[in-house]
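Reading the structure
Read off the chains here:
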Number of protein chains: 2
Amino acid sequence: MVKTRLDLARVQAARQAIDPIFLDSPLYPCAGLADGLGCTVSLKLETVNPVRSFKARGTEIIASRLAAAGRRAVVCASAGNLGQALAWSGRGRGLDVTVVASRLAPAVKLDRIRALGAELVLVDGDYDVACEQAAVISRERGIRRIEDSVDIETCEGAATIGLELVSGSARFDAVLVALGTGALAGGVGYAVKELAPEVEVICVQPQGAPAMTLSWHEKRVITTDSTDTIADGVAGRVPNPDALADILVVADDAVLVSERSITEAMRILLDHAGLVVEPSAALGIAAILEDRDRFAGKHVATILCGSNVDMDAYHRWVGTVPAAGALVDG
Amino acid sequence: MVKTRLDLARVQAARQAIDPIFLDSPLYPCAGLADGLGCTVSLKLETVNPVRSFKARGTEIIASRLAAAGRRAVVCASAGNLGQALAWSGRGRGLDVTVVASRLAPAVKLDRIRALGAELVLVDGDYDVACEQAAVISRERGIRRIEDSVDIETCEGAATIGLELVSGSARFDAVLVALGTGALAGGVGYAVKELAPEVEVICVQPQGAPAMTLSWHEKRVITTDSTDTIADGVAGRVPNPDALADILVVADDAVLVSERSITEAMRILLDHAGLVVEPSAALGIAAILEDRDRFAGKHVATILCGSNVDMDAYHRWVGTVPAAGALVDG
């Protein structure tokens, strides 16, 4: 039995709380990727749902439990995707949702949070500053605060992805998973290790935001003073010790990748898989690019965890020059 | 009861023959599309599977029935996607697959057919010329020939998409479906009209390949001398009378769209849904662009039926300038 904060029966039961529109996301070998990467790559698509990220799996669990408990309001800090997902899940259950985010988060994420009816509080600072502000709001208003990777539901939601990864007929040699707060990697890694312990769980983080990876290698919390990466979804400086403890149990490795590899991976996913992804979702492919020998001839799965990206920046990163937007012309 | 060649119980049973990797494809409202298009648009994604089109739903049924009957070989004409799907389905069941296609079909489709181990026969001509050649090969070799929209399994496979469209909680005002040979529209339309007759079924075809649409309006087979469209997947000149008869029963309307609308729709799907699609898959969005008033405030579903597209052409069509491919650099 894999010993983390998670419990298999509880994860399996949590599926019932999640709107089916977020469950059983596509998982398929992408033929267009195999030739260039030298290995079979199966994609787990968490981008093709109403919030275009995996985060709603967790917020569905949270919102349904809060609603069942008669709670009326909730606040979270977010790099953008958690807030959007909590706004989506809360809206249908009569919850007032407040999201605290960096003023520098992608505009598309902030716009979508507002469009879903949440109150958006912007801070002059990064994700960890937003976390501090969310804690203040929680105390002042006396409302529940949701913290990614700390509140167990955020990890349980991610763990349902892991269940799906190992429940099909495909047998993977490795699962490549983005590492940020640790909710995704800890959740997915738990389910994989519990049900298919022979599958390698490899966490991937940008060189420009390495706090959790450094912590994993040192087996203690290491913080950084700043981050410098386009992968806004995983750009944290202050790892949570409980989340780190879980990652230490379930991860076989944690690697860092360059910004160049991230943008190259995004371009490969565009041209060879037909998918726009945000930088955090390209980390798995970036890890293959940086260590082709390690994966040669193997069957790896990677989770495309989100696709909320400002398209002007996207086109710049992947090296395509945008013409005027068609909708603007229309 | 809707009277076409299809039977609801048979369609429901056919799901059992289809590899689950092709079933229950994503269906979700795409928030990024709503603002610009003035209506709620739910996407049914048939692009996120190993062959990147809906065609495998039908070829799975075909191949399993052929294998059960002890057949060893099969031939089909294809615009590219049917052949790829038949190659995929046949490979796992010990069938020798021969695909006849136009020399001018997208290279990515032809390459994939070969990569899947099928024999590829190229003709100097279009899809209808390929159909004639497939008939010759079928006679000469004494092997079964599969014809899109004529062999009922191709329609039954498409009908399973229709089942999924109307089995969820969402209620659509209209379903926009690409019209080519009629297998997709006839299959989807049948299931929709059988189970949710209030939902409008609207077929969409390019102005440059209008044979089936003209036939629908005239209620008789009308052929054209040539086609002129980038939507290679629906570019037929010679409608099949049985397929037309079905479309006459299930379609509420059949409309034609311009090439400019198709490329604009492809660009919108890239920038606002994060999805690369082939031209045929953009027909539904193109129809909205050409008649915004008709769909204003409504909830429409459209099937993104394929994403096998040569990326150089794609970037040219959608107005982005490609940089050197990352995999080529690598």
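For clarity, every value in this text was computed on a predicted model and none was experimentally measured.

In this section: the packing of helix α9 (residues 211-218) of chain B against helix α10 (residues 241-250) of chain B. Residue and element names in this part refer to chain B. At a minimum axis distance of 10 Å, the contact between α9 and α10 shows a crossing angle of 60 degrees. The angle between α9 and α10 places the two elements in the oblique class. The handedness of the crossing between α9 and α10 comes out as right-handed. Where α9 approaches α10, its residues M212, S215 and W216 are matched on the opposing element by L244, I247 and L248. By residue class, the composition of the contact of α9 with α10 is five nonpolar, one polar and no charged.

With that settled, the discussion passes to the environment of H272 of chain A. Tracing the sequence through the fold places H272 of chain A in helix α11 (residues 259-273). Separated by 24 residues in sequence, H272 of chain A and A296 of chain A have C-alpha atoms that sit 18 Å apart.

Once turned by 180 degrees and shifted 0.0 Å along the axis, chain B lies on chain A with an RMSD of 0.0 Å. Both copies are brought into coincidence by an operation consistent with a two-fold rotation axis.

Residues and elements named next belong to chain A. Here G80 is to be found in the loop between β3 (73-78) and α4 (81-91). Residue class for G80 comes out buried when judged on the 28 C-beta atoms lying within 10 Å of it. Setting aside residues no more than four positions away along its own chain, G80 makes contact with A101, A105, P106, K109, L110, D232 and N308.

Moving on, we get to the interface of chain B and chain A. Contact residues are listed per partner, giving 37 residues for chain B and 37 residues for chain A. Grouping the constituent residues of the side of chain B that touches chain A by class yields 20 nonpolar, 11 polar and six charged.

Moving on to α10 of chain B. An α-helical segment advances 3.6 residues per turn. Residues three or four places apart therefore align on the same side. Residues and elements named next belong to chain B. Looking only at α10, the buried set comprises A243, L244, D246, I247 and V250. Projected down its long axis, α10 shows its buried positions confined to an angular sector of 160 degrees, all on one face. On its buried side, α10 packs onto α8 (183-195), β8 (200-206) and α9.

Further remarks concern the sheet that holds strand β4 (residues 96-102) of chain B. Residues and elements named next belong to chain B. Pairing in this open sheet of four strands is parallel, and the strands run β5-β4-β3-β6 from one edge to the other. Two strands in the sheet have a free side with no partner beyond their single neighbour: β5 (119-123) and β6 (144-146). Strand-to-strand, the axes of this sheet are offset by a mean angle of 20 degrees, without reference to chain direction. One ladder, built from six bridges, connects strand β3 (residues 73-78) with β4; its direction is parallel. Counterpart to S78 in the pairing with β4 is A101. Docked against the sheet, helix α6 (residues 127-141) engages β3, β4, β5 and β6, running at close to 165 degrees with respect to β3.

Residue and element names in this part refer to chain B. The phi dihedral of D24 is positive, around 50 degrees, even though this residue is not glycine. Tracing the backbone shows D24 in the loop between α1 (8-14) and β1 (27-29). The class of D24 is partly exposed, set by 16 C-beta atoms lying within 10 Å. In the Ramachandran plot, K219 falls in the positive-phi region, its phi being about 60 degrees despite a non-glycine side chain. Structurally, K219 is set in the loop between α9 and α10.

So, on to the domain arrangement of chain A. Residue and element names in this part refer to chain A. You can read the domains of chain A as domain 1 (8-53 + 152-317) and domain 2 (56-146). At the interface, 28 residues of domain 1 touch 23 residues of domain 2. Ranked by the residues each element gives to the side of domain 1 that touches domain 2, the list is headed by helix α7 (residues 152-167), at seven residues. Broken down by class, the residue content of the side of domain 1 that touches domain 2 amounts to 12 nonpolar, 10 polar and six charged.

Attention shifts here to the nonpolar core. Membership of the largest hydrophobic core comes to 239 residues, with the highest contact counts inside it found for V177, V188 and V204 of chain A together with V175, V177, V188 and V204 of chain B. Once residues within four sequence positions are removed from consideration, V188 of chain B is found in contact with A158, A159, I161, G162, L165, V175, V177 and I303 of chain B.

Here we take up the confidence of the model for chain A. Confidence in the prediction of chain A, expressed as mean pLDDT, is 95, and 97% of residues score 70 or more. Per the prediction output, this complex has pTM 0.96; the corresponding ipTM is 0.95.

Moving on, we come to the sheet that holds strand β2 (residues 40-45) of chain A. Sheets are built from strands paired through backbone hydrogen bonds, the pairs being either parallel or antiparallel. Residues and elements named next belong to chain A. One open sheet accounts for six strands, arranged β1-β2-β10-β7-β8-β9; its pairing is mixed. Two strands close off the open sheet at either side, each with one partner strand: β1 (27-29) and β9 (253-257). Strand-to-strand twist in this sheet, taken as the mean axis angle between neighbours without regard to direction, amounts to 25 degrees. Where strand β7 (residues 174-178) meets strand β8 (residues 200-206), five bridges bridge the pair, whose relative direction is parallel.

Rules behind the numbers
Residues numbered from 1 in each chain as written. Chains lettered and ligands numbered in written order. Predicted model: local features only at pLDDT ≥ 70, side-chain atom pairs only at ≥ 80, totals over all residues. Axes fitted to C-alpha atoms, helices over the stretch in contact; angles between N-to-C directions. Helix = DSSP H or I, 4+ residues; strand = E, 2+ residues; numbered from the N terminus. Parallel < 35°, antiparallel > 145°, perpendicular 65-115°, else oblique. Left-handed = near helix turned anticlockwise from the far one by under 90°. Contact = placed C-beta atoms within 7 Å. Nonpolar A, V, L, I, M, F, W, Y, C, P; charged D, E, K, R; others polar. Least-squares fit on C-alpha atoms with pLDDT ≥ 70 in both. Buried ≥ 20, exposed ≤ 12 C-beta atoms within 10 Å, placed from the backbone. Arc of directions from axis to C-beta. Pairing = 2+ DSSP bridges. Domains from an automatic or database assignment. Core = buried A, V, L, I, M, F, W, Y, C linked by C-beta atoms within 7 Å. pLDDT = per-residue confidence, 0-100.

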